[in-house]
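Structural overview
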There are 2 protein chains.
Amino acid sequence: MKTPEELTELFRSTGRKVTAQRQCIFRVLHGDVTHPSAEAVHAVASREMETISLKTVYQTLHDLAELGEIVSLDVGTGMTRFDPNVDDPHHHLVCRECGRVRDLVAVFPELQIPKGAELGFQVGSAEIVFRGLCPECQPATRTGRVPARAGK
Amino acid sequence: MKTPEELTELFRSTGRKVTAQRQCIFRVLHGDVTHPSAEAVHAVASREMETISLKTVYQTLHDLAELGEIVSLDVGTGMTRFDPNVDDPHHHLVCRECGRVRDLVAVFPELQIPKGAELGFQVGSAEIVFRGLCPECQPATRTGRVPARAGK
DNA sequence: GAAGTTATCTACAACGCTTGTTGAAAAACA
DNA sequence: TGTTTTTCAACAAGCGTTGTAGATAACTTC
Ligand SMILES: [Mn+2]
Ligand SMILES: [Mn+2]
Ligand SMILES: [Zn+2]
Ligand SMILES: [Zn+2]
């Protein structure tokens, strides 16, 4: 996604108003690699603006998604996750234990569907979700660390 | 998944009671290839037993999942989908328009993660979701059919 | 078979995440 | 600055799903 300054420009040029709340959300998302949920974005933004509402966060996330600056993901963790990385094509690693999501920047060009197996579907895209255990959730024997459940 | 008769046996042998409602759900699921939601199962079961409750359907689906006879899927259609096909490893085609889910019975053995790209994740499984348009939702020029939004 | 024990059933309410609605406040335009 | 238009925050409601309760039915022991 673009920088907070560029997003300010983009919002204005697409007829959207620029508010302190929105700019705060731009800053929170910029450089975030954790694929935060709306609540996670709200939690961080609240540290800067105590009164910002969750609804405003959802609204702005949807605007950004509409503009193609972020993408919303459903990886089965119960909440929609938002991904500011829209430039490199990539897939995702999801922790079964704590729900952490990380990018897997690898292309699998050989993902060809065998002829006839599409059953008439017109296939447009393929998403791969790798499930497993993140470093923090692996048994201590392997990392020496203690697993910690991530709060929301 | 097993036949309704075998499931009856399995339920009894694992200390679960067998009721008419559960056997009705066994029959509904047997041979179903649509990856129904709990509500869809309930709708079909209700045709046979008008009073069966949605809660009972959820309960039985969870029992079957616990026994490994079905698997629950989250493919981003808003509802958990249940898959009685647990024997062939396969992936899924999901219609962006109506939410239909179909099996794609193809193995992709070359799904190797580049060294170092796992970022310390201990990867256990990979699911591929192919998104596109099912035959019923494609423009008429391609199939001659009229797209229809599927009810839930 | 009948009684007693245990699990299940239905109806209802509540949950977590997300979205609709409202009047008040703020941004854009001139 | 004044006018118009959009957004904000608070509240409530929507959705799919799960918890709770007493009534009911299935399994066990006689
Ligand atoms: Mn990503
Ligand atoms: Mn399937
Ligand atoms: Zn983890
Ligand atoms: Zn379709």
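If you're wondering where the values come from, they're calculated on a predicted model, not measured in any experiment.

What about the packing of helix H1 (residues 4–13) of chain B against helix H2 (residues 20–29) of chain B?
Angle between the axes and distance between the axes are the two parameters that describe a pair of packed helices. All names here are of chain B. It is at 9 Å that the axes of H1 and H2 come closest, and there the two elements cross at 140 degrees. Judged by the inter-axis angle, H1 sits oblique to H2. Considering how the two elements wind past one another, H1 and H2 form a crossing that is right-handed. For the pair formed by H1 and H2, the contact residues are Pro4, Leu7, Thr8 and Phe11 on the first element and Arg22, Gln23, Phe26 and Arg27 on the second. Tallied by class, the residues present in the contact of H1 with H2 amount to 4 nonpolar, 2 polar and 2 charged.

Describing the pattern of salt bridges
Within this structure, the stated rule accounts for 12 salt bridges over all chains. Taking the shortest distance from any N to any O, the salt bridge between Arg16 of chain A and Asp63 of chain A comes out at 3.2 Å. Note that Arg16 of chain A is positioned in the loop between helix H1 (4–13) and helix H2 (20–29) and Asp63 of chain A in helix H4 (residues 54–66), a separation of 47 residues in sequence. The class of Arg16 of chain A is buried, set by a relative accessible area of 19%. Residue Arg131 of chain B is joined to Glu127 of chain A by a salt bridge in which the shortest nitrogen-to-oxygen separation is 2.7 Å. Residue Arg131 of chain B is found in strand E5 (residues 122–133), and its partner Glu127 of chain A is found in strand E5 (residues 122–133); the two belong to separate chains. Residue classification places Arg131 of chain B among the buried residues on the basis of a relative accessible area of 15%. Taking relative accessible area as the criterion, Glu127 of chain A reaches 34% and is therefore assigned partly exposed. When salt bridges with common partners are traced through the structure, they connect Arg16, Arg22, Asp63 and Glu66 of chain A into a single cluster.

A closer look at the coordination of the manganese ion (ligand 1)
All names here are of chain A. With distances of 1.9 to 2.2 Å, the protein atoms coordinating the manganese ion (ligand 1) are His35 (NE2), Asp83 (OD), His90 (NE2), His92 (NE2) and Asp103 (OD). The sequence pattern formed by the donor residues of the manganese ion (ligand 1) is H-x47-D-x6-H-x1-H-x10-D. Remark: Asp103 occurs in strand E4 (residues 101–104) and His35 occurs in the loop between H2 and helix H3 (38–48); sequence separation between them is 68 residues. Overall, the relative accessible area of 17% leaves Asp103 in the buried class.

Overview of the domain arrangement of chain A
How big an interface is tends to be expressed through the accessible area that disappears when the partners come together. All names here are of chain A. Entries for chain A in the domain assignment read domain 1 (4–73) and domain 2 (88–152). For domain 1 versus domain 2, the distance between C-alpha centres works out to 25 Å. The partner domain 2 presents 6 residues to the 5 residues of domain 1 that form the contact. Summed over both partners, the interface of domain 1 with domain 2 comes to about 440 Å²; 52% of that surface belongs to carbon and sulfur atoms. At the boundary of domain 1 and domain 2, one finds 0 salt bridges. Remark: the boundary between domain 1 and domain 2 carries 3 residue pairs in polar contact (both at pLDDT 80 or more).

Basis of the calculations
Residues numbered from 1 in each chain as written. Chains lettered and ligands numbered in written order. Predicted model: local features only at pLDDT ≥ 70, side-chain atom pairs only at ≥ 80, totals over all residues. Heavy atoms only, no water. Axes fitted to C-alpha atoms, helices over the stretch in contact; angles between N-to-C directions. Helix = DSSP H or I, 4+ residues; strand = E, 2+ residues; numbered from the N terminus. Parallel < 35°, antiparallel > 145°, perpendicular 65-115°, else oblique. Left-handed = near helix turned anticlockwise from the far one by under 90°. Contact = heavy atoms within 4.5 Å. Nonpolar A, V, L, I, M, F, W, Y, C, P; charged D, E, K, R; others polar. Salt bridge = Lys/Arg side-chain N within 4 Å of Asp/Glu carboxyl O. Buried < 20%, exposed > 50% of the residue type's maximum accessible area, 1.4 Å probe, protein only. Donors = N, O, S within 2.8 Å, 3.2 Å for Na, K, Ca; no water. Domains from an automatic or database assignment. Buried area = accessible area lost by both parts, 1.4 Å probe. Polar contact = N/O pair within 3.5 Å; in protein donor to acceptor, adjacent residues only side chain to side chain.

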